[in-house]
Structures are given as C-alpha cells and as structure tokens.
Amino acid sequence: MRAAVFGASGYLGAELLRLLSGHPDVSLTAVGAGEQAGRSVGDVHPHLASVDLQLERLDESVATRADVAFLSLPHGRSGKLAPRLLDAGMRVIDLAGDFRLAPEAYPDWYGFDHPTPEWSAKAVYGLPELFGEQVSGASLVANPGCYPTAAALALVPLLRAGLVTGDGIIIDAKSGISGAGAKPTAAIQFARRDGSVEPYRVGGHQHTPEIEQVLESAAGHTARVTFVPHLVPSVRGVLATCYAPLADSGTTDDLTGALSDAYKDTPFVRALPPGTLPDPKRVTAANVCEVAAVADTRTGTAVIVGAVDNLVKGGSGQAVQNMNLMFGFDETTGLPTVGTFP
C-alpha cells in the first residue's frame, strides 16, 4: 500500500516516517512539507537518512501515487485539505484536531470556524481500543490527541463498570516538550524548561471537550472534566493522573480488575497490578499505554493513571494502528510494544 505523509518535517511526521519505513505492507511514496520543501528527508531528519525521499509541497494530486494520506499539519489546515483528498479517492488519517469535535465547538476551543462542517459527522474517532469496529474500513479517521488517549484509556473501563462517576473528574497531566512541536519558540527553550513544571491553557485547553466527548461516547456517561496540562523538562511522554469520585465502596482490586478485564485481549494497553503505577519512561518509542488505578477510600476518590509516549501511542503510532485497521492488516503490524530504556 502506498502512503503519503503531509507535514513530514515535524516531530509527529518524523515518527510516521520512522514507523512506516519499517512497515512490511507499506511503501512511502510522498512526503510533504512547506518551508523544508526541496530538502531530502535525511537533511531534515538525520536519523532517517535511510528514507530516500525528498520533501515536497503536496496537494490532492498525490492521489495518483498514494492510497492513504497522513495529515500531520497545524490545526485548521486538515479541515480544508482532507475533503479534497477523500474526493480524489484516498483514505485520510488526520493527526490534527480538525475532525475530533462537533463543528460548532471550534470557534471556542480552536479559535476558528470549521471550514467543512459537513465532513465532521463522517469522521471516525480513532482510538482503536474503544472504537476499533468503526475504524475498520473507515475513510476518514480523526486521530486522538495524546492527553485524551491516556486519560480515556484509563477512565473509560471504570465508568463503564460503574465504579466511578463522571461528575467532577479532575485530570492533572504532564507532557514532554515534543508535544509543543518542532518549531522553536520561547516556551520550549532549554533555559525556560529545565527544572520547570509549568501549567498552561488552564480552563481553555482544546483537549478538554475531546476528553468529555470520548468519555460520553465510549462509556455512555456524561462527564464534566477539569483538565490541567503541564509542560515538564523531558522530551517525550504523557502522564495523566485522573481523580474520579468512587461510585460505591470500590477497592483497588475492583478498579484493577475492571482495567485488566477491559484490556486483557488488547496488544497495546497494559493494565498494571496493584502496587505498580504507570511511567511514561517505560513506554518511550512504543505504541503502548500503561494504566493503573488506586482507590483512596478515605476520601472516596479513585486515582487512575495513564501513560503514553505522546509521539507514538499518543500520535503517530496510533495513526499507524488506525491505518492497519482501515486496510485490514493485523493491528500490530509495524508497531513496537517494547520501549527504549533508560
């Protein structure tokens, strides 16, 4: 199968190239970029020198030489481009946020009017462990954000089991600075980030409605979420610590059992035993989410934790997982389950 990657000069684009170049059923035929167009992949990403392709400016004409397009573009661009690619006969996986929410939500949460609202209802939310049947055979997949991936995989089984309630969920999340993208900015300078833990976009982060939406659609419970993300001085990794009211007198064993039952047959989610908690360091470069839960019976609170590599299971790896399902490949093809350590 022939694949094109739009936005290949960024961190998510680089991870797509790394993963797809090792996929036995995929041929990379086109890699797109804006400012870096005309340069080789190896010039822009020296660790990918074996990917013998040149970055170019791509549009829907790429449909003559690719079957699937991965859109790793800034928010707001995919909404215009994806329909043109779909009309040209391609399948599309959007790694931006353009098809994750209802169209009317975009002015408040993303700061723009959705350019093609008629396509939003046609997109499938691509969290395979929760919506795998819908992803299979889909034409347009909205790849989830990194924070929602970790939070939803941690919370949904417990909401489904009735062990926690959806009112008043608090999510305290940390991300490495690669989540801010490859473009140099003051916010990600070493002098500012080293030794720092900084909250940002409190009360206004675009992943808040995405988390609420996936909890409601996957678990059938209306959820109200307070979401506070932080940047931490690491390159990769997301850790989402979620605090949810215990529904009854649930124990840590009850919570752990629900997570284990939910993910016992899934290749990319590890439900950890009591006494062990997730660590994003362990899943670096792997398409894996670790989840665990503890019942704080004194306060009636369930503490549920999810950890992912934001560039892999929280981004490009999940996109490849979705592609595998869309085209009928084995879900695990080309995807690592063993992280790099230390």
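One numbering rule holds for all chains: residues counted from 1, following each sequence as written. Only residues with pLDDT of 70 or above have their local features reported here, since the model is predicted, and side-chain atom pairs are shown and tallied only from 80 upward, although totals for entire chains, interfaces and linings are computed over all residues. Water and hydrogen atoms were dropped before computing side-chain values, which therefore reflect all heavy atoms in the structure.

## Side note on the pairing of strand S11 (residues 238–245)
Now for step 1: Pairing between strands requires that DSSP locate at least two bridges from one strand to the other. Put simply, DSSP marks the helices as runs of H or I at least four residues long and the strands as runs of E at least two long, and each gets a number from the N terminus on. Examined bridge by bridge, strand S8 (residues 169–175) and S11 share six bridges and lie antiparallel to one another. If you follow Ala-173 over to S11, its bridge partner there is Ala-240.
Now for step 2: Where S11 lies against strand S14 (residues 301–308), eight bridges are found, and the strand directions are antiparallel. When the bridges of S14 are listed, Pro-245 appears paired with Thr-301.

## Regarding the environment of Gly-137
Now for step 1: Its place among the elements puts Gly-137 in the loop between helix H5 (128–135) and strand S7 (140–142).
Now for step 2: Burial classes follow relative accessibility: with a 1.4 Å probe on protein chains only, a residue under 20% of its type's maximum area counts as buried, one over 50% as exposed, and anything between as partly exposed. Given a relative accessible area of 45%, Gly-137 falls into the partly exposed group.
Now for step 3: Linking Gly-137 and Arg-91, residues 46 residues apart in sequence, is a C-alpha distance of 9.5 Å.
Now for step 4: Contact definition: two residues touch when any of their heavy atoms are within 4.5 Å. Residues within four places of Gly-137 in sequence aside, it is in contact with Arg-91, Leu-325 and Met-326.

## So, the sheet that holds strand S2 (residues 27–32)
Now for step 1: If you walk across this open sheet you meet the seven strands as S3-S2-S1-S4-S5-S7-S6, and the pairing is parallel. Each edge of the open sheet carries a strand with a single partner, namely strand S3 (55–56) and strand S6 (124–125).
Now for step 2: When strand S5 (residues 91–94) meets S7, the two strands line up parallel, connected through three bridges. In the strand pairing of S7, Ile-93 is matched with Val-141.

## A few points about the side chain of Thr-284
Now for step 1: Counting through the fold element by element, Thr-284 comes out in the loop between strand S12 (269–271) and strand S13 (289–296).
Now for step 2: Any pair of nitrogen or oxygen atoms within 3.5 Å is treated as a polar contact; in protein, a donor-acceptor pairing is required on top of that, and neighbouring residues in sequence qualify only through side-chain atoms on both sides. Side-chain polar atoms of Thr-284 contact the backbone oxygen of Lys-281, separated by 3.1 Å.
Now for step 3: The contact partners of Thr-284, leaving out residues within four places of it in the chain, are Arg-236, Asp-309, Gly-339 and Thr-340.

## Looking at the layout of surface pockets
Now for step 1: Space inside the second largest pocket adds up to approximately 190 Å³.
Now for step 2: Cavity and pocket criteria rest on a 1 Å grid covering protein atoms alone: a 1.4 Å probe that fits but cannot get out defines a cavity, protein on both sides within 12 Å along at least 5 of 7 lines defines an open pocket, and an atom within 4 Å of a point defines a lining residue. In this structure, the second largest pocket is lined by 14 residues; those nearest its centre are Tyr-11, Ser-178, Val-235, Arg-236 and Leu-311.
Now for step 3: Residues were grouped as follows: Ala, Val, Leu, Ile, Met, Phe, Trp, Tyr, Cys and Pro as nonpolar; Asp, Glu, Lys and Arg as charged; and all remaining residues, including Gly, as polar. Taken together, the residues that form the lining of the second largest pocket break down as eight nonpolar, four polar and two charged. Grid points are joined across faces, edges and corners, and a volume is the space filled by probe spheres set on the points.

## Examining the packing of aromatic side chains
Now for step 1: By convention, a stacked pair of Phe, Tyr or Trp rings (six-membered ring in the case of Trp) has centres within 6.5 Å and planes under 30 degrees apart, an edge-to-face pair has planes over 60 apart, and any other such pair is tilted. By the definition in use, this model includes six aromatic pairs.
Now for step 2: Taking 6.0 Å as the distance between ring centres and 55° as the angle between the ring planes, the aromatic pair formed by Tyr-110 and Phe-112 counts as tilted.
Now for step 3: The buried category is assigned to Tyr-110, whose relative accessible area is 14%.
Now for step 4: An aromatic cluster is present here, built from Tyr-106, Tyr-110 and Phe-112 joined pairwise through their rings.

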